[in-house]
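Close look at the chain arrangement
Each chain is listed here by its residues.
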Amino acid sequence: MQKRCARNRKRSKRRAIYCPIHGCYLDSASPKHSLYVDSAQQLQARGVSRRSALMLVAQRGSIVVSGEWLEAFWCPQCKTIDWYHVRRIGDREYKLSPIPQGLWQQAVGVIDPQGNVSVSEFTKRHSRMVKFGGVKDFRFM
Ligand SMILES: [Zn+2]
């Protein structure tokens, strides 16, 4: 049975996040879980210059990344809830990718499905943590 995706219920407000398999709108099923980085390489991979990256890490330890997070979504076609690595690529435009194993350890307040607890690791670093980039992304927490 082929069912068409329900379209644009609240089109103007809705984030354009689609199932990578079906192209359906996805409904959020979890809070956003911010990602933090604690190495210059991870910052450089996100477009920070080497010098700034080294300085940030030296001064601050862990840095929360803006425009990227982990979030679970319900797909009405998959009929399942899946976790994705979400990256904002434009105004209300987002790119979803499967979550690489190591990324769970960089997520704030997430316990990965394989049973690795990242929360305690995060808590240890919490006091040294600062926000990096647009703070407006983190009001959901
Ligand atoms: Zn789907």
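One can find the structure itself at the top, above this paragraph.
My aim in this report is to walk through the structure given alongside it, one point at a time. On a predicted model such as this, the values are computed, not experimentally measured, just so you know. (Residues numbered from 1 in each chain as written. Predicted model: local features only at pLDDT ≥ 70, side-chain atom pairs only at ≥ 80, totals over all residues.)

**Looking at the pairing of strand β5 (residues 93-97)**
Looking at chain direction, strand β4 (residues 80-90) and β5 are connected through 5 bridges and run antiparallel. Bridge assignment links R88 to a residue of β5, and that residue is Y94. Between β4 and the antiparallel strand that follows it, β5, lie 2 residues; R92 among them carries a positive phi value of about 55°. (Pairing = 2+ DSSP bridges. Helix = DSSP H or I, 4+ residues; strand = E, 2+ residues; numbered from the N terminus.)

**With respect to the nonpolar core**
By size, the foremost hydrophobic cluster in this structure holds 23 residues, and its most contacted members are L26, L35, Y36, I63 and V65. Elements that contribute at least two residues to this core include exactly β2 (33-37), β3 (63-75) and β4. No other element matches β3, which puts 7 residues into this core. L26 has contacts with I17, Y18, C19, F73, W74 and C75, leaving out every residue within four places of it along the chain. (Core = buried A, V, L, I, M, F, W, Y, C linked by C-beta atoms within 7 Å. Buried ≥ 20, exposed ≤ 12 C-beta atoms within 10 Å, placed from the backbone. Contact = placed C-beta atoms within 7 Å.)

**A short note on the pairing of β2**
Within β2, 5 of the 5 residues are buried, which leaves it mostly tucked inside the rest of the structure. Every second residue of β2 is oriented toward a common face, with H33, L35 and V37 on one face and S34 and Y36 on the other, all of them buried. The sheet contact formed by β2 and β3 spans 5 bridges and is antiparallel. When the sheet's bridge partners are listed, Y36 is paired in β3 with V64.

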